[in-house]
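So you can see what is in the structure, the chains are spelled out below.
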Amino acid sequence: MKDQFVIAHLTDLEHTDIVVSHALRIAGFLQKGIILLYVEDEKYNGLTADEATPKLKALSETLPDASYCALKGKTKEIISSLPTMLNGVVVVAQVDRNAPKRTAMHYKEVLRNYEESKIAFLTVQEKASHSDSWGKVAMTVDYRKESKEKLIWTSYFARFNHSQINILSQHYKDEGLRDLWRNNMLYLRKFFEKLSLTYLQDELLSNSSYPDIDALLYCQQHEIGILIATTTPTREVDFWEWITGTQECKTIINEQHIPILFINPRDDLYVLCD
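Residues numbered from 1 in each chain as written. Predicted model: local features only at pLDDT ≥ 70, side-chain atom pairs only at ≥ 80, totals over all residues. Heavy atoms only, no water.

Looking now at unusual backbone geometry. A positive phi is found at His162, a non-glycine position, where the angle reads about 55°. Summarising the element assignment, His162 is placed in the loop between helix 6 (151-160) and strand 7 (164-169). Residue class for His162 comes out exposed when judged on its relative accessible area of 67%. For Glu223, which is not a glycine, the phi torsion comes out positive at approximately 55°. The residue Glu223 is located in the loop between helix 8 (211-221) and strand 9 (226-230) in this model. Classification of Glu223 by relative accessible area gives exposed; the value is 67%. (Helix = DSSP H or I, 4+ residues; strand = E, 2+ residues; numbered from the N terminus. Buried < 20%, exposed > 50% of the residue type's maximum accessible area, 1.4 Å probe, protein only.)

Let's shift gears to the nonpolar core. Counting 47 residues, the largest nonpolar core has Ile26, Leu36, Trp153, Phe157 and Leu261 as the members making the most contacts within it. Ranked by residues supplied to this core, first place goes to helix 1 (residues 17-30) with eight residues. Aside from chain neighbours lying at most four places away, what touches Leu36 is Ala8, Leu10, Val20, Leu56, Leu59, Ser60, Leu63, Ser67, Tyr68 and Cys69. Core analysis: the next-biggest nonpolar cluster, separate from the first, contains 35 residues, Ile78, Tyr114, Cys219 and Ala229 among them. (Core = buried A, V, L, I, M, F, W, Y, C linked by side-chain atoms within 4.5 Å. Contact = heavy atoms within 4.5 Å.)

The end-to-end C-alpha separation of helix 7 (residues 175-194) is 29 Å, in line with the 28 Å expected for 20 residues at 1.5 Å each. For helix 7, the N-terminal cap is Asp174; the gap from its side-chain oxygen to the backbone nitrogen of Gly176 is 2.9 Å. Positive phi appears at Ser196, one or two residues downstream of helix 7, with a value of about 60°. (Expected span 1.5 Å × (residues − 1). Polar contact = N/O pair within 3.5 Å; in protein donor to acceptor, adjacent residues only side chain to side chain.)

This part covers the sheet that holds strand 3 (residues 66-72). Ordered by their spatial adjacency, 10 strands build an open sheet running 3-2-1-4-5-10-9-6-7-8, and the pairing between neighbours is mixed. Because the sheet does not close on itself, it has two edges, and the strands there are strand 3 and strand 8 (200-203). Sheet twist, expressed as the mean angle between neighbouring strand axes with direction ignored, is 25°. Inspection of the sheet shows strand 4 (residues 88-94) paired to strand 5 (residues 120-124) by five bridges, in the parallel sense. Looking at the pairing, Val92 lines up with Leu122 of strand 5. In the packing of helix 7 onto the sheet, the strands contacted are strand 6 (136-140), strand 7 and strand 8, and the crossing angle to strand 7 comes to about 170°. Across the sheet, helix 8 lies against strand 6, strand 7, strand 8, strand 9 and strand 10 (260-263), angled at about 170° from strand 9, the strand it touches most. (Pairing = 2+ DSSP bridges. Axes fitted to C-alpha atoms, helices over the stretch in contact; angles between N-to-C directions.)

If a strand is regular, its side chains alternate between the two faces of the sheet. A large share of strand 7 lies buried, amounting to five of its six residues. Direction of pairing for strand 6 relative to strand 7: parallel, over a ladder of five bridges. By the bridge assignment for strand 7, Val137 is matched with Ile165. On the question of chirality, the crossover connecting strand 6 to the parallel strand 7 by way of helix 6 is right-handed. Strand direction decides the pairing type here: strand 7 and strand 8, joined by four bridges, are parallel. Counterpart to Ile167 in the pairing with strand 8 is Gln201. Handedness of the crossover is the feature at issue here: the chain leaves strand 7, passes through helix 7, returns alongside strand 8, and the resulting connection is right-handed. (Right-handed = clockwise from strand over helix to strand, strands pointing away.)

Let's shift gears to the environment of Thr75. Secondary-structure assignment places Thr75 in helix 3 (residues 75-80). In sequence terms Thr75 and Val20 are 55 residues apart; their C-alpha atoms lie 19 Å from each other. Excluding anything up to four places from it in sequence, Thr75 contacts His9, Val39, Asp41, Tyr44 and Asn113.

This part is about the packing of aromatic side chains. The full count for this structure, using the stated rule, is 11 aromatic pairs. Centre to centre, the rings of Phe192 and Tyr199 are 5.6 Å apart; their planes meet at 45°, and the pair counts as tilted. Overall, Phe192 belongs to the buried group, its relative accessible area being 0%. We classify Tyr199 as partly exposed; its relative accessible area is 21%. Grouped by ring-pair contacts, the aromatic residues Phe29, Trp134, Trp153, Tyr156, Phe157 and Phe160 constitute a single cluster. Above the face of the Trp134 ring, Arg25 is positioned so that its terminal group lies 5.1 Å from the ring centre. (Phe/Tyr/Trp six-rings, centres within 6.5 Å; stacked < 30°, edge-to-face > 60°. Lys NZ or Arg CZ within 6 Å of the ring centre and 35° of its normal.)

Structure, rendered in structure tokens:
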């Protein structure tokens, strides 16, 4: 028995290969088991938990270290309870840029269902490629304290998958913001030094309000397989973001189809037992 699990959140049991391929990859290098999860949520049209169970069972028998669970309830509440209910450490969820509104794979529904998640969640759009084993991962560091939240998971990729770490930042002309950014970089440097990890640092060419959008372009140009990002704390969403959308609303269905590992900044975040 494994101590913690990668949760493969399946909302369409006829098309499971996208989520499962990424769940297998992350479970492989973390050496964790997989739990195939289906939620019967009256908000969405789909199978009942009873109808889903035999399909989950059949799929689990084709996968290594896999079990399954079909639950009935509100998706958001079940996602929030995964660390204690199923010993989940990370969830893999599919997002479809063409999904109709108010369906489980629509990006707004995914972000809404995961906004209280106490574990990281990996959003994916297409099946994992054999040519990309996440040999390179990237994260942005800005002036906000939430940048530090990404360090633990970035270190997991470096330590357990031997991934190259790419740290991306903007150039701040404002000296106050630059000082805050320097403090975050100092914290990052000390954090990685304690783990004997190295990283590459580069500057993004744009100074837009959404650095992760520029980071995705950088990832595409430099063949980086995954971006690690934080969601926007509700208290920090400004008026303009309420209208146009937060950074994660714009990156989750990125045109590059790059998987994004999202972390909700919170005090009770669950991480690996390593």
